Amino acid sequence: KVFSITSHLPHLIAYNLVKSAQDFEKILKFGLIKYSAGGLRDFSRIAASNEIMWRDIFFNNDNIIKAINLFTKNLNSFKKIIQNKNNKKLLSRLANSKKVRTQIVQLKQDVSKPDFGRE
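A short tour of the structure in this document, coming up.

About the criteria used
In this convention, every chain numbers its residues from 1, walking through the sequence in written order. Two thresholds apply to this predicted model, a pLDDT of at least 70 for residue-level local features and 80 or more for giving and counting side-chain atom pairs, whereas whole-chain, interface and lining totals are computed over all residues. To obtain the side-chain values, all non-hydrogen atoms of the structure were used and water was disregarded. The rule is short: rings of Phe, Tyr and Trp, with Trp giving its six-membered ring, pair when the centres are within 6.5 Å, and they are stacked under 30 degrees, edge-to-face over 60, tilted in between. Where helices and strands are cited, they refer to DSSP runs of H or I of at least four residues and of E of at least two residues respectively, numbered from the N terminus. Counting of polar contacts relies on pairs of N or O atoms within 3.5 Å, with two restrictions inside protein: one atom must be capable of donating a hydrogen and the other of accepting it, and residues adjacent in sequence are counted only when both atoms are side-chain atoms. To sort residues, take the accessible area from a 1.4 Å probe on protein chains only and compare it with the maximum for the residue type: under 20% means buried, over 50% means exposed, and anything in between is partly exposed. We call two residues in contact when some of their heavy atoms are within 4.5 Å. For a helix, the expected span equals 1.5 Å multiplied by the number of residues minus one. The directions considered for the arc are those from the helix axis to the C-beta atoms.

### Some details on the packing of aromatic side chains
Under the counting rule described, the total for this entry stands at 3 aromatic pairs. Plain terms: the ring middles of Tyr15 and Phe58 are 6.4 Å apart, the flat faces sit at 85° to each other, and that makes the pair edge-to-face. Here the residue Tyr15 occupies a position in helix H1 (residues 2-28), and Phe58 occupies one in helix H3 (residues 51-60), the gap between them amounting to 43 residues. Geometrically, the ring pair formed by Phe30 and Tyr35 is stacked, given 5.7 Å between the ring centres and 5° between the ring planes. Through pairs of rings, three or more aromatic residues link up here, namely Tyr15, Trp54 and Phe58.

### Description of the side chain of Asn61
Here Asn61 lies in the loop between H3 and helix H4 (63-83). A polar contact of 2.8 Å, which involves the side chain of Asn61, links it to the backbone nitrogen of Asn63.

### Focus: the side chain of His11
Topologically, His11 is positioned in helix H1. Look at His11 and you get buried, because its relative accessible area is 16%. Sequence-distant contacts of His11, defined by excluding residues within four places in its chain, comprise Ile46, Ser49, Trp54 and Phe58.

### Topic: H4
Since the α-helix advances by 3.6 residues per turn, residues separated by three or four positions end up pointing in the same direction. Between its first and last C-alpha atoms H4 spans 30 Å; for 21 residues at 1.5 Å apiece the expected length is 30 Å, and the two agree. Residues of H4 that are buried: Asn63, Ile64, Ala67 and Ile81. Considered in projection along H4, the buried side chains sweep an arc of 105° and stay on one side of the axis. Away from its buried face by more than 90 degrees, H4 exposes Ile65, Lys66, Lys73, Lys80 and Gln83. On the buried face of H4, the contacting elements are H1, H3 and helix H5 (87-106). Of the residues flanking the end of H4, it is Lys85, one or two places downstream, whose phi is positive at about 50°.

### Considerations on unusual backbone geometry
Most peptide bonds take the trans form, and the phi angle of most residues other than glycine is negative. Within the chain, Lys29 stands out as a residue other than glycine whose phi angle is a positive 55°. Relative to the helices and strands, Lys29 is located in the loop between H1 and helix H2 (38-47). Positive phi, normally seen in glycine, also occurs at Lys85, with a value near 50°. Looking at where Lys85 falls in the secondary structure, it is placed in the loop between H4 and H5. The class of Lys85 is exposed, set by a relative accessible area of 72%.

In structure tokens, the structure reads:
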């Protein structure tokens, strides 16, 4: 259950974001991948993981479906907040995410200057 949210869902999201970028390129008929900023770059690093291993993980962790459902619910909520231009709710969601990031760093689950294997 824990890994379905902390590891498996983030990988699935990374794979889907890269697929969405590819699809967006086709729709626009424009090579946007060459303009990848840090966000897409970091997601693409995760999406470059071994596809056989991730197929097996996705097929064997029954909790991934529950994680996807929860993610979809929250994504739709974000969509509604943005469509309605609900400033208060959006700022609250964004600030809450920042608190989680701070907690991850404080727990030393990340380092202040990761090199992601570039050194």
